[in-house]
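Inside the fold
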Amino acid sequence: MNSAEIRQSFLDFFASKQHAVVPSSSLMPTAPNLLFTNAGMNQFVPYFLGDQAAPWKRVADTQKCIRAGGKHNDLEDVGFDTYHHTMFEMLGNWSFGDYFKKDSLTWGWELLTKVWGIPPKRLFATIYQPDKSKGDPAERDEEAYAIWAKIFTDAGLDPAVHIVNGNKKDNFWMMGDTGPCGPCSEIHFNLLPSDDETEGRKGVNSSSPRCIEIWNHVFIQFNANADGTFAPLAAKHVDTGMGFERVAGIHATTRGFKDFSAEPSNYNADVFKPTFDRIAALSGKTYTGTVPTERTGLSEQQTIDITFRVLADHARCVSCAIADGILPGNEGRNYVIRRILRRGIMYGQKNLGLKTGDFSALVAPVIESLGAVFPELKTQRVMVEKAIRAEEESFGRTLDKGLQIFNRATAAGAITGASAFELYDTYGFPLDMTQLLATERGLSVDAAGFEAEMEKQRERGRAARKTDVIVAATEGESAAEATQFVGYGIDSTHATHAKLV
Ligand code: ATP
Ligand code: MG
Ligand code: MG
Ligand code: MG
């Protein structure tokens, strides 16, 4: 199966279980407190809260998610590992007050092992086990344990080996301090060359890239009250999320879950191929798939391989965000997109010798891979390419010089707050990008010093504003006009970024 077939078979499977298949919602979140849509369930929150009646009892979809800020931030792992993206698709199925744990887990197992043919031996399930000494809520999820115990026993496997207890952080989902919540059960995939079950079990809840979480089933069964108690909900819900690129990558690497000798990587999935091919053509470099264990002292080829992954990831993320109306900008989520875009441009130019215009050339292969699933990419193509190209041109004017300044600043052995600020203010280097560059050299950045410089600049902005008011007022303007005059982009962050936009 190729990536498109895997995605489709997930949706078809749940359609066959009476789920309505719905489109992905926008990356622009509907909830005011989110930076980006970061999980499949975001668009269904009103149904869980009981604010609205769900139009269906069961739904399934593939949801565009960005985890590059806020509660979920995977940006620093992108490129350095092979299974966290900034933008990824989360395949999901939901029950709104309809089926519960038994169906969700049993169907999950059926899809993975019967439809897709994943060897049962390689799968492990986690269940919630509270640490009462830490005041964790609720009880061990015996219901999920019993369901998994039957599933594994029926498959001829030992539940004691294949079921692993998980803590509150990984296995109890809460939307906030209060509101709907409940335990979850994650399915982990052993990707070690050997299918030895004891070894596979050790990898669960470790950071090993050879045993990764593929699917999370969340069971919303409690309401967290303000007094810290948990009351059972009258209507119980299911909310699941599976990493599409993870499954597609494992499928591709293992030749259909059969050969586990190769190092797994999401980027082996064909959904990344057109972009990788384009990067290779533009740079004349070859991707070899190495994954570093350290962040410093990287070889040239390791750097090239990281850069291919970063570019393919960032090009997808930025393209999808812009197509959903989140353009690169100076504030909030727009600045996150600008930071990701500048990282991508910087990586490509520094590590692969790419030129201005090459990053926007990656939009075409992204659309080739995803346009059929997310048609807004096709309809917004011109806007996406233009916005990226404009950023490449503006940032491209200061990038080379900025890298020279960075290199000079490293001579002292650490990047001072003043240098980081100069890079930010004059050369458009976001702080996290300077930190990334510093990490490559085993150096650190004085982030507190940077903040102090930012504060000084804000101070200067405030002082300048006062002077302008006085000037305007003494020139015989009315007080009201003088106040309006203050509004002309004097705010320091806008003024400095405006140079680069
Ligand atoms: P992990 O522990 O691997 O970071 P998670 O527990 O944060 O994953 P969930 O919030 O449970 O992830 O999301 C559901 C599924 O989405 C995960 O099981 C995983 O397959 C996938 N997923 C999560 N984060 C990413 C990411 N940054 N890139 C790709 N897939 C992801
Ligand atoms: Mg995570
Ligand atoms: Mg996890
Ligand atoms: Mg999880």
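In this text, all values refer to a predicted model and were calculated from it rather than measured experimentally. (Residues numbered from 1 in each chain as written. Chains lettered and ligands numbered in written order. Predicted model: local features only at pLDDT ≥ 70, side-chain atom pairs only at ≥ 80, totals over all residues.)

Some details on the overall build of the protein chain
When helices and strands are tallied, the protein chain shows 19 helices and 11 strands. By the compact-globule yardstick of 23 Å for 501 residues, the protein chain fits well, its C-alpha radius of gyration being 25 Å. If one aligns the C-alpha atoms of the protein chain with their principal axes, the spans along those axes are about 85 × 55 × 50 Å. Evaluated residue by residue, the protein chain yields a buried proportion of 43% over its 501 residues. Contacts in the protein chain between residues far apart in sequence, at least 24 positions, make up 69% of those at least 6 positions apart. (Helix = DSSP H or I, 4+ residues; strand = E, 2+ residues; numbered from the N terminus. Rg over C-alpha atoms; globule rule 2.2 N^0.38 Å. Buried ≥ 20, exposed ≤ 12 C-beta atoms within 10 Å, placed from the backbone. Contact = placed C-beta atoms within 7 Å.)

Thoughts on the site of ligand 1
Lining the immediate environment of ligand 1, one finds 15 residues, of which D74, F88, N216, G241 and G243 sit closest. It is strand β10 (residues 211-224) that provides the largest number of residues to the shell around ligand 1, a total of four residues. Split into classes, the residues belonging to the shell around ligand 1 amount to five nonpolar, five polar and five charged. (Near = placed C-beta within 6 Å. Nonpolar A, V, L, I, M, F, W, Y, C, P; charged D, E, K, R; others polar.)

Here we look at the nonpolar core
I66, W148, L311, A315, V318, C320 and A321 are the most contacted members of the largest nonpolar core, which has 121 residues in total. Looking at which element gives the most residues to this core, the answer is helix α10 (residues 300-323), with 12 residues. Among the domains, domain 1 (3-266) and domain 2 (270-411) are the pair contributing at least three residues each to this core. When near neighbours in sequence (up to four residues on either side) are disregarded, A315 contacts T275, G344, F359, L362, V363 and V366. (Core = buried A, V, L, I, M, F, W, Y, C linked by C-beta atoms within 7 Å. Domains from an automatic or database assignment.)

Focus: the packing of helix α11 (residues 332-352) against helix α14 (residues 381-410)
It is at 10 Å that the axes of α11 and α14 come closest, and there the two elements cross at 60 degrees. Classified by the angle between their axes, α11 and α14 sit oblique to one another. The element α11 and its partner α14 pack so that their crossing is right-handed. For the pair α11 and α14, the contacting residues are R338, L341, R342, I345, M346, Q349 and K350 in the first and I388, E391, E392, F395, L399 and L403 in the second. Classifying every residue of the contact of α11 with α14 gives seven nonpolar, one polar and five charged. (Axes fitted to C-alpha atoms, helices over the stretch in contact; angles between N-to-C directions. Parallel < 35°, antiparallel > 145°, perpendicular 65-115°, else oblique. Left-handed = near helix turned anticlockwise from the far one by under 90°.)

Quick notes on unusual backbone geometry
For Q18, which is not glycine, the phi torsion reads 65 degrees and is therefore positive. Taking the C-beta count within 10 Å as the criterion, Q18 has 11 such neighbours and is therefore assigned exposed. For F257, which is not a glycine, the phi torsion comes out positive at approximately 60 degrees. Following the sequence through the fold, F257 ends up in the loop between α8 (244-253) and α9 (273-283). The exposure class assigned to F257 is partly exposed, which follows from the 19 C-beta atoms found within 10 Å.

Section: the pairing of strand β11 (residues 230-243)
For strand β5 (residues 87-96) and β11, the ladder comprises five bridges, and the chain directions are antiparallel. Across the sheet, F96 pairs through a bridge with H237, a residue of β11. Pairing of β10 with β11, which is carried by nine bridges, proceeds in the antiparallel orientation. The residue bridging F219 from the neighbouring strand is V238, located in β11. Following β10, the chain reverses through five residues before pairing antiparallel with β11; G228 in that reversal takes a positive phi of roughly 90 degrees. (Pairing = 2+ DSSP bridges.)

Digging into the packing of helix α3 (residues 101-115) against helix α4 (residues 142-154)
α4 packs onto α3 with a crossing angle of 35 degrees between their chain directions and a minimal axis gap of 10 Å. As for the relative orientation of α3 and α4, their crossing is right-handed in sense. Of the residues in α4, those touching α3 at K101, K102, L105, T106 and W109 are E143, A144, I147, W148 and I151. Residue classes in the contact of α3 with α4 are distributed as six nonpolar, one polar and three charged.

Details of α11
Taking 1.5 Å as the rise per residue, α11 with 21 residues should run 30 Å; its terminal C-alpha atoms sit 30 Å apart, in good agreement. Along α11, 16 of the 21 residues are buried, which leaves the element largely enclosed by surrounding structure. (Expected span 1.5 Å × (residues − 1).)

Remarks on the environment of F374
Topologically, F374 is positioned in the loop between α12 (363-370) and α13 (376-379). In contact with F374, other than residues within four places in its own chain, are S24, K64 and C320.

Comments concerning the environment of A31
Position of A31 relative to the elements: it lies in the loop between β1 (20-21) and α2 (45-49). Since 12 C-beta atoms lie within 10 Å of it, A31 is described here as exposed. Between the C-alpha atom of A31 and that of D131, which follows or precedes it by 100 residues, the distance is 31 Å. Beyond its immediate sequence surroundings of up to four residues, A31 is in contact with N42 and V45.

A look at helix α1 (residues 3-16)
Residues that lie three or four places apart on an α-helix share one face, since the helix turns once every 3.6 residues. Over its 14 residues, α1 extends 20 Å from the first C-alpha to the last, a length consistent with the 20 Å expected when each residue adds 1.5 Å. Contact partners of the buried residues in α1: β2 (58-66), β5, α3 and α8. Once α1 ends, the next one or two residues include Q18, with phi positive near 65 degrees.

Describing the environment of E392
Within the fold, E392 resides in helix α14. Here the alpha-carbon distance between E392 and I345, two residues 47 residues apart in the chain, equals 6.8 Å. Aside from chain neighbours lying at most four places away, what touches E392 is I345, T356, G357, F359 and S360.

Purely spatial values, then, with no claim about function.
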